[in-house]
Amino acid sequence: MGKINKILLCGYCGVGKSAIIEQLLYGSHVLESPSHSTIEDIYTAVIETDRGVKEKVRIFDTGPAALQEGTEGDIPKHYLNFPDGYILVYDTTSWESFRRLEKLKKDIDKHRDKREVHMIVIGNKSELTERRQVQFDTAQAWAAKEKLRHWDVSVANRKSLVDPFVWLTSKITQPPSKTNFLPGRKTKSTSSNNLDTS
Ligand SMILES: Nc1nc2c(ncn2[C@@H]2O[C@H](COP(=O)(O)OP(=O)(O)OP(=O)(O)O)[C@@H](O)[C@H]2O)c(=O)[nH]1
Ligand SMILES: [Mg+2]
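Conventions we followed
Residues numbered from 1 in each chain as written. Chains lettered and ligands numbered in written order. Predicted model: local features only at pLDDT ≥ 70, side-chain atom pairs only at ≥ 80, totals over all residues. Helix = DSSP H or I, 4+ residues; strand = E, 2+ residues; numbered from the N terminus. Buried ≥ 20, exposed ≤ 12 C-beta atoms within 10 Å, placed from the backbone. Contact = placed C-beta atoms within 7 Å. Core = buried A, V, L, I, M, F, W, Y, C linked by C-beta atoms within 7 Å. Pairing = 2+ DSSP bridges.

(A) A look at the overall build of the protein. Counting its regular elements, the protein contains 4 helices and 6 strands. Counting every position in the protein, which comprises 198 residues, the buried fraction comes to 35%. At a minimum sequence separation of 6, the contacts of the protein that also span at least 24 residues come to 74%.

Here it is as structure tokens:
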């Protein structure tokens, strides 16, 4: 464990950002409990990647001010400088919360200065099937167009929260791509069984 990796959770108010973190890290969230709007909370977690490495991750939970409620306002610029990864959260029972992601994604893309960042999309409250306003396929089509991985999750099902965080942590901590190297000349034959391709 070396560098601390930073993940920013953002999305419309009330989509469940704080509930997701509390449930993921402590399993302690009581659904539909009276909630307080977040100003900003920072959590530190250790997440085991799909390479089996434990990585320290700092998770920034933002509140409505990060997506200025009632306006189409920009995300504050200081949120665009530091994260290595973004989790865009919408509420599957709120079309408005999904619609807001488009602008958010554009803002992040515009300001990230060619820095490599990774972004994923999660649709929360998916257990509320009767109140669903955003169909999985609709969100999936948008995510595919934007080249983003997309999951439906629910705070009621803690396991559903694990995959997106492990996937994103694995991405932001992955060693530099080997495709950056030009192909070299083969000098000696090597048994492929000995190659560590991880
Ligand atoms: N049924 C259901 N309720 C949820 C779920 N996730 C969150 N909630 C509820 O939704 C409400 C809002 O959750 P918060 O975590 O406060 O939402 P937030 O995105 O942090 O809101 P802000 O901090 O205001 O931006 C709370 O009453 C949660 O219990 C879920 O998966 N299912
Ligand atoms: Mg919150």
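(B) Inspection of the nonpolar core at higher detail. Judged by nonpolar contacts, the single largest core of 39 residues is most densely connected at I7, L9, I87, L88 and V89. Only β1 (5-11), α1 (17-26), β3 (54-62), β4 (85-91), α2 (95-111), β5 (118-124), α3 (136-145) and α4 (158-172) provide two or more residues apiece to this core. Examining the composition of this core, we find that 5 residues originate from one element, β4, more than from any other. Not counting chain neighbours up to four residues away, the residues in contact with V89 comprise L9, C10, G11, V15, G16, K17, I20, I122 and N124.

(C) Main features of the pairing of β4. Burial analysis of β4 places 7 of its 7 residues in the buried class, which makes it a mostly covered element. What you see with β4 is no split at all: G85, I87, V89 and D91 on one side and Y86, L88 and Y90 on the other are buried throughout. Of the strand pairs in this sheet, β1 and β4 are connected by 5 bridges, and their pairing is parallel. Of the residues in β4, the one forming a bridge with I7 is G85. Here β4 pairs with β5 via 7 bridges, running parallel. In the sheet register, Y90 faces β5, and the bridge partner there is G123.

(D) Local environment of unusual backbone geometry. The backbone of E32 sits at a positive phi, close to 60°, despite the residue not being glycine. By C-beta crowding, E32 is classed as exposed, having 9 other C-beta atoms within 10 Å. Even without being a glycine, K147 presents a positive backbone phi close to 60°. Take K147: it is sitting in the loop between α3 and β6 (149-152).

Purely geometric stuff here, so don't read any function into it on its own.
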